[in-house]
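A look at the structure
As a plain string of letters, each chain reads:
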Amino acid sequence: MGREFDWYQQLEHDEDYWIDTAKLDFAASMDRLMTQGGLTKSAIAERMGSSPAHITKVLRDDANLTINAMVKLARAAGGNLHLHVWPQAEIADPPPPRA
């Protein structure tokens, strides 16, 4: 690759990149689950005893969520949370999540 892509090759060593990727993956999964279930942010908030503004913040990737919070959000949307860790050597091709 040309030098213009050097920054991209360095991402695999950037912890913030991996943190942001995980947050975005969670938010995108929540959005898909809510869309499939016909759920609004208000409905999720009501199920959790929270506010729609909090759900919006979570889906915008502004929140630093605990695993507990992620499980509660997923369950409120009718889903389950599954975490997966794989060797860094397989970084270019992570395994697909289990069904």
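Here, every reference points to the structure presented above.
Residues numbered from 1 in each chain as written. Predicted model: local features only at pLDDT ≥ 70, side-chain atom pairs only at ≥ 80, totals over all residues. Heavy atoms only, no water.

Points about the overall build of the protein
What counts, and what does not: By the criteria applied, helices consist of DSSP H or I runs no shorter than four residues and strands consist of E runs no shorter than two, each listed in order from the N terminus. Remark: exposure states derive from per-residue accessible area (1.4 Å probe, protein chains only) relative to the maximum for the residue type, with buried under 20%, exposed over 50%, and partly exposed in between. Two residues form a contact once any of their heavy atoms are found within 4.5 Å. For the area figures, the Shrake-Rupley method with a 1.4 Å probe applies, and any residue is considered shielded solely by the protein chains shown.
Each helix and strand counted, the protein has five helices and zero strands in total. Secondary structure elements of the protein occur, N-terminal to C-terminal, as α-α-α-α-α. Evaluated residue by residue, the protein yields a buried proportion of 19% over its 99 residues. For the protein, the proportion of contacts with a sequence separation of at least 24, taken over those separated by at least 6, is 52%. Here the protein displays about 7,500 Å² of accessible surface, and carbon together with sulfur accounts for 53% of that area.

Notes on a nonpolar patch on the surface
As a reminder of what qualifies: Patch members must show over 30% relative accessible area and no salt bridge, and they are joined within 9 Å when carrying like charges or within 5 Å when they are nonpolar side chains of Val, Leu, Ile, Met, Phe, Trp or Tyr. Between Lys or Arg on one side and Asp or Glu on the other, a salt bridge is scored when a side-chain nitrogen of the former is within 4 Å of a carboxyl oxygen of the latter.
On the surface, I67, V71 and L83 cluster together into a nonpolar patch covering about 260 Å² of accessible area. Locating I67 in the fold gives a position in helix α5 (residues 67–76).

Quick notes on the packing of aromatic side chains
We count it as follows: Only Phe, Tyr and Trp rings are paired, with Trp represented by its six-membered ring, and only when their centres lie within 6.5 Å; those with planes under 30 degrees apart are stacked, over 60 edge-to-face, the remainder tilted.
Following the criterion strictly, the structure yields one aromatic pair and no others. For the ring pair Y17 and W18, a centre distance of 5.0 Å and an interplane angle of 80 degrees mean the geometry is edge-to-face.

As for helix α4 (residues 52–59)
Test applied: Of all possible arcs, the one meant is that of the directions from the helix axis to the C-beta atoms.
Listed in full, the buried residues belonging to α4 are I55, V58 and L59. Taken down its axis, α4 places every buried residue within 95 degrees of arc, on the same side. If you follow the buried residues of α4, they end up packed against α2 (15–37), α3 (41–48) and α5.

Looking at the environment of I44
Tracing the sequence through the fold places I44 in helix α3. Residue class for I44 comes out buried when judged on its relative accessible area of 0%. As for I44 and A76, which are separated by 32 residues in sequence, their C-alpha atoms are 5.8 Å apart. The contacts of I44, once residues within four sequence positions are left out, are M34, L39, I55, L73, A76 and A77.

Geometric descriptors of this kind do not, in isolation, establish any biological role.
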